[in-house]
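So you can see what is in the structure, the chains are spelled out below.
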Amino acid sequence: MLGCIKPRNEESVRSKQLDKELQIVHRQFEKAIKILLLGTAESGKTTILQQMKILHINGFTREDIIHKTKEIRQNIHESIYELVVQMQKLQIPYDTTQSRKSGEWIVNFGKHSPDHFVDEYTDNVVTLWNDNGIRECYRRSNEFYLIDSAKYFLDKLELVAHSDYIPTTDDILHSRKMTTGINQISFSVKIPKSMGGGSQEFRMFDVGGQRDQRNKWLQVFEGIQAVLFLISCSDFDQTLREDPTQNRLKEALELFSGVWHNRFLSSSGIIVFLNKQDIMEMKIRNGTRMEDYYPDFKDFKISANEGNVFDECDRLRLFIKHKLINVTQQPARRLSRAHTQRECYYHFTVATDTTNIRKVFNDVHNMILTDNLTSVGLI
């Protein structure tokens, strides 16, 4: 009889211990996990924030859609205006006299988009976008600043011009506006039953990536559990908007080094999104050569385990990833961090692709939750 009591007591002890551990988990998960989006301008940070709205906050409100309609029309106007201005700078001739007159009409209109696209405006933009000279200028857009969604919206001009136009989700994800200040959203994600169940609140912060905005980053560093660092893999042949002498990818790599070694983020997990894979692939397929901008790419080799050794796109994306890995393997800049073990997680992404971001963020979410469980000694 007594022999039967001991196992039950042990079972009771184990049950109580498990209850205590689950209470620790729930207390840990009651706190909002703070994620900071970092990266250079136009790396895709705001698009990721918008994807979180789609995936976790029931999409966009009517107010969001009205605002984005104006933003999209401004994107179209800024794009065609910049192309016309660059035609003269690059000394590219127009196909026809009518195209030249349409170009003059756009320049005289000014930099700001009209509230509504009347027929005269639409006709002039259509004429220009169908001009071979403008298309040649677009193909050389790595030589000047142009939003990467210019073609996407100019191809949809006549649809956007309608007075009853309502942006699709894809349109909103392609819209561009410079981020100034600090933006944030909060959302909840279900916790798997294997991790205790319930839900976890996330707070995600988006800060401007331009050089003059980075002084605001320190304001949100405190209490950050994870940094999502976005790097645009398509930027290898472009220069900064604010500094035409600096290659965009080089700037991003230098910025990542600063973030990785920053003492205020030494306990934060770092997750890298190697973004804009679609645009990068399009550039390579169209004949843009990485070695023209990074000579060391010519001798860069990958193994069959890493990717297709004959695929230039695989080589390029892994070339950038290896440069990031090299940064993480550099000696710690401060002695206090010399023994701090950190991991950096890498994902190849297309921020405008909701399916891709859903899968990647599920991985990120599980990784963060696992790290939390590890920190309280349950894994």
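Conventions adopted
Residues numbered from 1 in each chain as written. Predicted model: local features only at pLDDT ≥ 70, side-chain atom pairs only at ≥ 80, totals over all residues. Heavy atoms only, no water. Pairing = 2+ DSSP bridges. Helix = DSSP H or I, 4+ residues; strand = E, 2+ residues; numbered from the N terminus. Axes fitted to C-alpha atoms, helices over the stretch in contact; angles between N-to-C directions. Contact = heavy atoms within 4.5 Å. Patch = residues over 30% accessible without salt bridge, like charges linked within 9 Å, V, L, I, M, F, W, Y side chains within 5 Å. Areas by Shrake-Rupley, 256 points an atom, 1.4 Å probe, with all protein chains shown as cover. Salt bridge = Lys/Arg side-chain N within 4 Å of Asp/Glu carboxyl O. Lys, Arg positive; Asp, Glu negative; His and termini not counted. Charge placed at Lys NZ, Arg CZ, Asp CG, Glu CD. Buried < 20%, exposed > 50% of the residue type's maximum accessible area, 1.4 Å probe, protein only. Core = buried A, V, L, I, M, F, W, Y, C linked by side-chain atoms within 4.5 Å. Polar contact = N/O pair within 3.5 Å; in protein donor to acceptor, adjacent residues only side chain to side chain. Phe/Tyr/Trp six-rings, centres within 6.5 Å; stacked < 30°, edge-to-face > 60°. Lys NZ or Arg CZ within 6 Å of the ring centre and 35° of its normal. Parallel < 35°, antiparallel > 145°, perpendicular 65-115°, else oblique. Nonpolar A, V, L, I, M, F, W, Y, C, P; charged D, E, K, R; others polar. Arc of directions from axis to C-beta. pLDDT = per-residue confidence, 0-100.

## Looking at the sheet that holds strand E1 (residues 33-39)
Link 1 in the chain: One open sheet accounts for six strands, arranged E2-E3-E1-E4-E5-E6; its pairing is mixed. This sheet does not close on itself; its edge strands, each paired only once, are strand E2 (182-190) and strand E6 (344-348). Each neighbouring strand pair of the sheet contributes to a mean axis angle of 20°, computed without reference to strand direction.
Link 2 in the chain: The strands touched by helix H10 (residues 248-260) within the sheet are E1, strand E4 (226-232), strand E5 (269-275) and E6, with E4 carrying the most contacts at an inclination of about 165°.

## Overview of a negative patch on the surface
Link 1 in the chain: Where like charges cluster on the molecular surface, the negative patch consists of Asp119, Glu120, Asp123 and Glu158.
Link 2 in the chain: Element by element, the count of residues in the negative patch is highest for helix H5 (residues 119-129), at three residues.

## As for the side chain of His365
Link 1 in the chain: Of note, His365 is situated in helix H13 (residues 354-375).
Link 2 in the chain: Setting aside anything within four residues of it in sequence, one finds His365 in contact with Val189, Lys190, Pro192 and Phe202.

## A closer look at the pattern of salt bridges
Link 1 in the chain: Taken as a whole and assessed by the stated rule, the structure comprises 21 salt bridges.
Link 2 in the chain: Lys151 is paired through a salt bridge with Asp155; the nearest N and O atoms lie 2.7 Å apart.
Link 3 in the chain: Residue classification places Lys151 among the partly exposed residues on the basis of a relative accessible area of 34%.
Link 4 in the chain: A salt bridge links Asp314 to Arg317, with the nearest nitrogen and oxygen atoms 3.1 Å apart. Taken as a pair, Asp314 and Arg317 lie in helix H12 (residues 312-328) at a separation of three residues, close to a single helical turn.
Link 5 in the chain: Accessibility expressed as a relative area gives 16% for Asp314, which makes it buried.
Link 6 in the chain: The structure contains a network of salt bridges with shared partners spanning Asp148, Arg176 and Lys276.

## Some points on the nonpolar core
Link 1 in the chain: Grouped together as the largest cluster of nonpolar side chains are 38 residues, with contacts concentrated most on Leu38, Phe229, Ile231, Phe256, Val272, Ile320 and Leu324.
Link 2 in the chain: Of all the secondary structure elements, the ones that give two or more residues to this core are E1, strand E3 (199-207), E4, H10, E5, helix H11 (277-285), H12 and E6.
Link 3 in the chain: Tyr81, Val84, Ile92 and Ile147 belong to the second-largest nonpolar core, a separate cluster that totals 28 residues.

## Looking at the side chain of Ser99
Link 1 in the chain: With respect to the secondary-structure elements, Ser99 resides in helix H4 (residues 97-109).
Link 2 in the chain: In this structure the side chain of Ser99 is engaged in a polar contact, spanning 2.8 Å, whose partner is the side chain of Asp131.
Link 3 in the chain: What Ser99 contacts, discounting residues up to four positions off in sequence, is Tyr94, Thr127, Leu128 and Asp131.

## Focus on the packing of aromatic side chains
To describe a pair of aromatic rings, you give the distance between the ring centres and the angle between the ring planes.
Link 1 in the chain: The tally for this structure, following the rule as stated, stands at 15 aromatic pairs.
Link 2 in the chain: Ring pairs connect the aromatic residues Trp105, Phe109, Phe117 and Tyr121, which therefore count as one cluster.
Link 3 in the chain: The cationic tip of Arg241 hangs over the ring face of Tyr145; the distance from NZ or CZ to the ring centre is 4.1 Å.
Link 4 in the chain: Seen from the ring of Phe236, Lys283 lies directly overhead, with NZ or CZ sitting 5.8 Å from the centre.

## A closer look at the packing of helix H3 (residues 62-89) against helix H6 (residues 132-139)
Link 1 in the chain: Running from N to C, H3 and H6 point in directions that differ by 90°, and their axes come no closer than 9 Å. With respect to H6, the element H3 is oriented roughly perpendicular. From H3, Leu83, Val84, Gln86 and Met87 reach across to H6, where they touch Gly133, Ile134, Cys137 and Tyr138.
Link 2 in the chain: Each residue belonging to the contact of H3 with H6 can be placed in one class, and the counts come to six nonpolar, two polar and no charged.

## Considering the environment of Phe229
Link 1 in the chain: Residue position: Phe229 is located in strand E4.
Link 2 in the chain: A sequence separation of 26 residues divides Phe229 from Leu255, and the C-alpha atoms of the two residues are 9.6 Å apart.
Link 3 in the chain: In contact with Phe229, not counting residues within four places along its chain, are Leu38, Gly39, Ala252, Leu255, Phe256, Val259, Ile271, Val272 and Phe273.

## Some points on H11
Link 1 in the chain: Every buried residue of H11 is listed here: Gln277, Ile279, Met280, Lys283 and Ile284. End-on, the buried residues of H11 take up no more than an arc of 165°, which puts them together on one face.
Link 2 in the chain: Elements in contact with the buried residues of H11: E5, H12 and E6.
Link 3 in the chain: A positive phi of about 105° marks Gly287, the residue just after H11.

## Examining the confidence of the model for the protein
Link 1 in the chain: Model confidence for the protein is summarised by a mean pLDDT of 86, while 84% of its residues fall at 70 or above.
Link 2 in the chain: The element-level mean pLDDT for the protein is lowest in helix H1 (residues 2-30), coming to 53, with H6 highest at 98.
Link 3 in the chain: Residue range residues 335-339 is modelled with pLDDT below 50. Its contacts to residues more than four positions away, or to other chains, number seven contacts.

## Some words on the pairing of E1
Link 1 in the chain: Counting buried residues in E1 gives six out of seven residues, a clear majority hidden from the surface.
Link 2 in the chain: Summarising the sheet, E1 and E3 pair through five bridges and their orientation is parallel. For Lys34, the partnering residue across the bridge sits in E3 and is Arg203.
Link 3 in the chain: As paired strands, E1 and E4 are joined by five bridges and run parallel to one another. Note on E4: the bridge partner recorded for Gly39 is Leu230.

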